[in-house]
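# Breakdown of the fold
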Amino acid sequence: MTARTTRARHRAARRPVTPLTELAQNAAVGRRTAVAAAGGALLVSTFGGAMAAQAAPMETGHAKMNSVDLNALTSQARESLSNAPVVTVAPDAELSVEKSAVSVVSAADNEDYQAELAAQEAEEAAEAAAAEAAEAAASAVSTASSSVDVPASAIGNSVISIASRYIGVPYVSGGSSPSGFDCSGFTSYVFAQLGISLPHSSSAQAGYGTQVPASQAQPGDLMWTPGHVSIYAGGNTMIDASKPGTVVDFRTIWQSNPTFIRLG
């Protein structure tokens, strides 16, 4: 009879199933229990309280901004919108616009503008009349006070032309302006307008320019004698501020053997 060898079959040891009461206890002490089904068996995994106590790190900066609860913001926006005042307009409301007539007046019909133009024209006319009267008076003084005829050679001469503007200006001792001249003040003022600077002294003016013979003297040359200076006007004439009680004028040369000086 053949002997049979019988081997005992052993099943792998199984981990005892955690009773539900133990799960409840774990939950009570703050343990986390994971339950999963594997091969028809119920697997339970329990994590200690230390693991559960580890909180997620606090987010800061942009991470915190990204973690904003959008649902909460939406709720706030809806609440603000619901609390906003509501403006209602009646369906039969009408919009009325006031209209006013605009009147346009031409420049020709504008009385204020025409009065302003008339005043401006009157002012310009008065200024022109005053200038014309002043020029006529100066011409009359020049004609009346001139004791000699101005030589043709002096006409157009720049020095004589400037000097003749001041005919009739009274002699003033120490004067050097159109309100009054003395002899050297007059000559220095005239030549200054031509860019030639002369001292206010007749003796000092004798040292300026170049002396020329009487035969070569020309209108506009400086004419000097001790104590007096004038401007040669050609021929036997000169223009000067002579002495107290006289005015600037063309005169016959009264000095003997004057010195002629050419400037410029």
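Criteria and thresholds
Residues numbered from 1 in each chain as written. Predicted model: local features only at pLDDT ≥ 70, side-chain atom pairs only at ≥ 80, totals over all residues. Heavy atoms only, no water. Pairing = 2+ DSSP bridges. Helix = DSSP H or I, 4+ residues; strand = E, 2+ residues; numbered from the N terminus. Axes fitted to C-alpha atoms, helices over the stretch in contact; angles between N-to-C directions. Contact = heavy atoms within 4.5 Å. Core = buried A, V, L, I, M, F, W, Y, C linked by side-chain atoms within 4.5 Å. Buried < 20%, exposed > 50% of the residue type's maximum accessible area, 1.4 Å probe, protein only. Salt bridge = Lys/Arg side-chain N within 4 Å of Asp/Glu carboxyl O. Phe/Tyr/Trp six-rings, centres within 6.5 Å; stacked < 30°, edge-to-face > 60°. Polar contact = N/O pair within 3.5 Å; in protein donor to acceptor, adjacent residues only side chain to side chain.

### Digging into the sheet that holds strand β5 (residues 210–212)
Across the sheet, 6 strands lie side by side as β5-β10-β6-β7-β8-β9; this open sheet has antiparallel pairing. In this open sheet, the two strands that pair with only one neighbour each are β5 and β9 (249–252). Strand-to-strand twist of the sheet, defined as the mean angle between neighbouring strand axes without regard to direction, takes the value 40°. Bridge count between strand β6 (residues 222–225) and strand β7 (residues 228–234): 4 bridges; the pairing is antiparallel. When the sheet's bridge partners are listed, Leu222 is paired in β7 with Ile231. Where helix α7 (residues 183–192) meets the sheet, it contacts β6, β7 and β8 (237–240), and its direction lies at approximately 50° from that of β7.

### With respect to the nonpolar core
Residues Phe186, Ile231 and Ile239 are the most contacted members of the largest nonpolar core, which totals 26 residues. At the level of elements, α6 (158–163), α7 and β7 are the ones that each hand at least two residues to this core. Excluding residues within four positions of it along the chain, Ile231 makes contact with Val159, Ile160, Ala163, Phe186, Thr187, Val190, Phe191, Gly220, Asp221, Met238 and Ile239. Counting residues in each nonpolar core, the second largest holds 7 residues, with Ala217, Tyr232, Ile253 and Phe260 among its members.

### A closer look at the pattern of salt bridges
A full pass over the atoms with the stated rule returns 2 salt bridges. Here Asp221 and Arg262 are joined by a salt bridge, their closest N and O atoms 3.0 Å apart. Within this pair, whereas Asp221 is found in the loop between β5 and β6, its partner Arg262 is found in strand β10 (residues 259–262), the two being separated by 41 residues in sequence. A relative accessible area of 4% means that Asp221 is categorised as buried. Given a relative accessible area of 25%, Arg262 falls into the partly exposed group. Between Asp240 and Arg251 there is a salt bridge, with the nearest N and O atoms lying 2.6 Å from each other. Taken together, the residues Asp240 in strand β8 and Arg251 in strand β9 connect sequence positions 11 residues apart. Each member of the pair, Asp240 together with Arg251, is buried.

### Notes on the packing of aromatic side chains
Scanning the model with the defined rule gives 5 aromatic pairs in all. Where Tyr166 meets Phe181, the ring centres are 5.9 Å apart and the plane angle is 75°; that geometry is what we call edge-to-face. Residue Tyr166 is found in the loop between α6 and β3 (176–177), and its partner Phe181 is found in strand β4 (residues 180–181); the two are separated by 15 residues along the sequence. Tyr166 gets classed as buried once you look at its relative accessible area, which sits at 11%.

### A look at the environment of Asp221
Separated by 38 residues in sequence, Asp221 and Thr259 have C-alpha atoms that sit 9.8 Å apart. With residues up to four places along the chain from it excluded, the contact list for Asp221 reads Val212, Gln216, Ser230, Ile231, Tyr232, Ile261 and Arg262. At a separation of 2.8 Å, a polar atom in the side chain of Asp221 contacts the main-chain amide nitrogen of Gln218.

### What about the side chain of Thr237?
Along the chain, Thr237 falls in strand β8. Residue class for Thr237 comes out buried when judged on its relative accessible area of 7%. Here the side chain of Thr237 touches Gly234 through a polar contact of 2.7 Å, landing on its backbone oxygen. Ignoring any residue separated from it by four or fewer positions in sequence, one finds Thr237 in contact with Val148, Asp149, Pro151, Tyr232, Arg251, Thr252 and Ile253.

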